[in-house]
Amino acid sequence: MPEDHFGEGVASRYDESSADMFAPEAVDPAVDLLAGLAGDGAALELGIGTGRIALPLARRGVRVHGIDLSEAMVARLRAKPGGERIPVVIGDFATARVEGAFSLAYLVFNTIGNLTTQDAQVACFQNVAAHLEPGGCFVIEVGVPDLQRLPPGETVRPFDVSDDHLGFDEYDVANQGLVSHHWSAVDGRWQRVSMPFRYVWPSELDLMARLAGMALRVRWAGWRREPFTGASTRHVSVWEKPG
């Protein structure tokens, strides 16, 4: 079992620390797109967390199931209105199985990077393919690796500097590794949390999908279906399992 980096200390202030991602302008376009892809079928969220997407998607009438490694995060989900009605399997979303078949599976907010090896990311695609119905879709939202802004010889880049938060990404270019270091002001004291990720290229994800028997249907630069270009900083990609 991989290490759980979203224990009680992170889960207790996750919603507050990511408040901008809970705003309607961040949530509504994602839910609109996912609900359309799910149709009359069920949806499986990998890394369901505290329910940022799952709860509004369920309120749209989609039957949502989840997988998450963190019991502390899932406890927050279940404490919210409607959260107790969403079935969640506690486990590694690269390998954990859920009963039933799904028309949609999805991973949002860079969560594919929480799988810190290529083998684990490949296994995730294979696990998703095993859960999807023929014609079902797998959606990933993730940032495009930001190496163009990393000067030669340097490994650390700041991504947020504010009065109550300092964030720095530390790159291991040889191994596609990334550790995000967060210093947050909590009750008058600075607390540090460091989380490992594996950054992954869009073309690499396409190959992982192909190995799992899926093919790219479309790629956008965001949930509002903006065109994906060489200047895009993130992408929302949809792969389809053959019908």
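Residues numbered from 1 in each chain as written. Predicted model: local features only at pLDDT ≥ 70, side-chain atom pairs only at ≥ 80, totals over all residues. Heavy atoms only, no water.

1. Some remarks on the environment of Pro56
And step 1. As for its position among the elements, Pro56 is in helix H4 (residues 54-59).
And step 2. Note on Pro56: relative accessible area 15%, which makes it buried.
And step 3. In the structure, Pro56 is positioned 21 residues away from Ala35 in sequence and 9.8 Å away in space, judged by C-alpha atoms.
And step 4. Contact partners of Pro56, with chain neighbours within four places excluded, come to Val27, Val31 and Gly51. (Helix = DSSP H or I, 4+ residues; strand = E, 2+ residues; numbered from the N terminus. Buried < 20%, exposed > 50% of the residue type's maximum accessible area, 1.4 Å probe, protein only. Contact = heavy atoms within 4.5 Å.)

2. Considerations on the packing of aromatic side chains
And step 1. Within this structure, the stated rule accounts for eight aromatic pairs.
And step 2. For the pair Phe168 and Trp183, a centre-to-centre distance of 6.0 Å together with 80° between the ring planes defines the contact as edge-to-face. Of this pair, Phe168 sits in strand S7 (residues 165-172) while Trp183 sits in strand S8 (residues 177-186), and the two are 15 residues apart along the sequence.
And step 3. Among the aromatic residues, ring-to-ring pairing joins Phe6, Tyr14 and Phe22 into one connected group. (Phe/Tyr/Trp six-rings, centres within 6.5 Å; stacked < 30°, edge-to-face > 60°.)

3. So, the pairing of strand S1 (residues 42-46)
And step 1. In terms of burial, S1 is a largely internal element, five of the five residues being buried.
And step 2. Of the two faces of S1, the one carrying Ala42, Leu44 and Leu46 and the one carrying Ala43 and Glu45 are both buried.
And step 3. Pairing geometry for S1 and strand S2 (residues 63-68), over five bridges, is parallel. Across the sheet, Leu44 pairs through a bridge with His65, a residue of S2.
And step 4. You can see the chain leave S1, run along H4 and come back into S2, and the turn it takes is right-handed. (Pairing = 2+ DSSP bridges. Right-handed = clockwise from strand over helix to strand, strands pointing away.)

4. Examining the nonpolar core
The tendency in soluble globular proteins is for nonpolar side chains to be buried as a group.
And step 1. Judged by nonpolar contacts, the single largest core of 30 residues is most densely connected at Ile112, Cys124, Phe125, Phe138, Ile140, Leu205 and Met214.
And step 2. For this core, the secondary-structure elements that each account for two or more residues are S1, strand S4 (102-107), helix H6 (118-131), strand S5 (132-143) and helix H7 (202-211).
And step 3. The greatest single-element share of this core, amounting to six residues, is contributed by H6.
And step 4. When near neighbours in sequence (up to four residues on either side) are disregarded, Met214 contacts Phe125, Ala129, Leu132, Phe138, Ala209, Trp239, Glu240 and Lys241.
And step 5. Of all hydrophobic cores here, the second largest spans 28 residues; its members include Ala38, Val74, Val236 and Val238. (Core = buried A, V, L, I, M, F, W, Y, C linked by side-chain atoms within 4.5 Å.)

5. Description of the side chain of Gln176
And step 1. Structurally, Gln176 can be placed in the loop between S7 and S8.
And step 2. Residue Gln176 is classed as buried on the basis of its relative accessible area, which comes to 18%.
And step 3. Ignoring sequence-local partners within four residues, the contact set of Gln176 consists of Phe197, Arg198, Tyr199, Val200, Trp201 and Glu204.

6. A closer look at the pairing of S5
And step 1. As paired elements, S4 and S5 share five bridges and run parallel to each other. When the bridges of S5 are listed, Phe102 appears paired with Leu132.
And step 2. Handedness of the S4-H6-S5 crossover: right-handed.

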